[in-house]
Amino acid sequence: MDRKEFLTLLGFSAIATTLPMCMGSCSSSASTPNMSVDFTLDLTQSAYAALNTNGGYIVKDGVIVAKTTAGNYVAVSAACTHEGANVNYNSGSDKFVCPRHGATFANSGTAVSGPANGNLQKFNTTLTGNSLRVYS
Ligand code: FES
């Protein structure tokens with residue numbers, strides 16, 4: 001085997017070794033498994049007080065619950081579909097924003113700008129008195 005054959009073989013084996021690892025971890029979109037959710041928040045508790053103010057939000061059990069600037073409750077999966085960082089709710093833009101790389105999502109969970117291109121899972125909300133039920 002001459003030098004050229006050796007380097008060609010070495011390059012091929014480096015690619016063959018690296019490619020499967022990259023395919024598993026270099027993906028630009030984290031998968032968003034469908035979550036089954038059903039919990040009720042008592043809005044009189046201090047832990048959920050943010051939800052009594054338009055623009056406020058909390059994160060519970062992997063779900064971000066926000067009271068929009070229009071006063072509606074919305075709930076979506078908190079993990080960004082890019083690499084899984086928890087998103088925040090930005091009341092100024094009425095969007096969920098990922099602090100890691102800046103992806104934005106409409107308050108319905110629909111991806112608006114990358115690098116994330118998958119939507120956040122949307123959940124139902126029902127307010128009864130001071131009890132806010134969040135469910136799939
Ligand atoms: S983790 Fe990269 S944009 Fe959210």
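Scroll up to find the structure.
Treat the numbers as computed from the prediction; the structure is a model and nothing was measured.

## Section: the pairing of strand β10 (residues 131-135)
Note that strand β1 (residues 38-42) and β10 share five bridges and pair antiparallel. By the bridge assignment, Thr40 is partnered in β10 with Arg133. The pairing of strand β9 (residues 122-128) with β10 spans five bridges and is classified as antiparallel. Within β10, the residue paired with Thr128 across the bridge is Ser131. A loop of two residues connects β9 with β10, the two strands running antiparallel in sequence, and Gly129 in this loop sits at a positive phi of about 60°.

## Description of the pairing of strand β2 (residues 57-60)
Pairing analysis gives four bridges linking β2 to strand β3 (residues 63-67), with the strands arranged antiparallel. Bridging across to β3, Tyr57 finds its partner in Ala66. Hairpin connection, β2 to β3: the antiparallel pair is bridged by two residues, and Asp61 has positive phi, about 50°.

## Section: the sheet that holds strand β7 (residues 104-106)
An order of β5-β6-β7-β8 is seen for the four strands of this open sheet, with the pairing classed as antiparallel. Each of the sheet's edge strands pairs with one partner strand only, and the pair in question is β5 (88-90) and β8 (111-113). The mean angle between the axes of side-by-side strands here comes to 40°, regardless of whether they run parallel or antiparallel. Sheet topology places β7 next to β8; two bridges connect them, and they run antiparallel. Looking across to β8, one finds that Phe105 is bridged to Ala111.

## Some words on the sheet that holds strand β4 (residues 73-77)
Across the sheet, six strands lie side by side as β1-β10-β9-β4-β3-β2; this open sheet has antiparallel pairing. Because the sheet does not close on itself, it has two edges, and the strands there are β1 and β2. For this sheet, the mean inter-axis angle between neighbouring strands, taken without regard to orientation, is 25°.

## Structural notes on the pattern of salt bridges
Enumeration according to the criterion identifies two salt bridges in this entry. A salt bridge links Asp38 to Arg133, with the shortest nitrogen-to-oxygen separation between them at 2.9 Å. Linking Asp38 in strand β1 with Arg133 in strand β10, this pair joins segments that are 95 residues apart in sequence. Using a relative accessible area of 51% as the deciding quantity, one classes Asp38 as exposed. Across the salt bridge formed by Asp61 and Lys60, the nearest N and O atoms sit 3.6 Å from each other. Residue class for Asp61 comes out exposed when judged on its relative accessible area of 55%. Taking relative accessible area as the criterion, Lys60 reaches 22% and is therefore assigned partly exposed.

## Comments concerning unusual backbone geometry
Following Gly114, the chain continues to Pro115 via a peptide bond in cis, the omega torsion being 15°. In this structure, Asp61 is a non-glycine residue whose phi angle is positive, near 50°. Locating Asp61 in the fold gives a position in the loop between β2 and β3.

Thresholds, definitions, all that
Residues numbered from 1 in each chain as written. Predicted model: local features only at pLDDT ≥ 70, side-chain atom pairs only at ≥ 80, totals over all residues. Heavy atoms only, no water. Pairing = 2+ DSSP bridges. Helix = DSSP H or I, 4+ residues; strand = E, 2+ residues; numbered from the N terminus. Axes fitted to C-alpha atoms, helices over the stretch in contact; angles between N-to-C directions. Salt bridge = Lys/Arg side-chain N within 4 Å of Asp/Glu carboxyl O. Buried < 20%, exposed > 50% of the residue type's maximum accessible area, 1.4 Å probe, protein only.

By themselves, these are just geometric observations and shouldn't be taken as functional.
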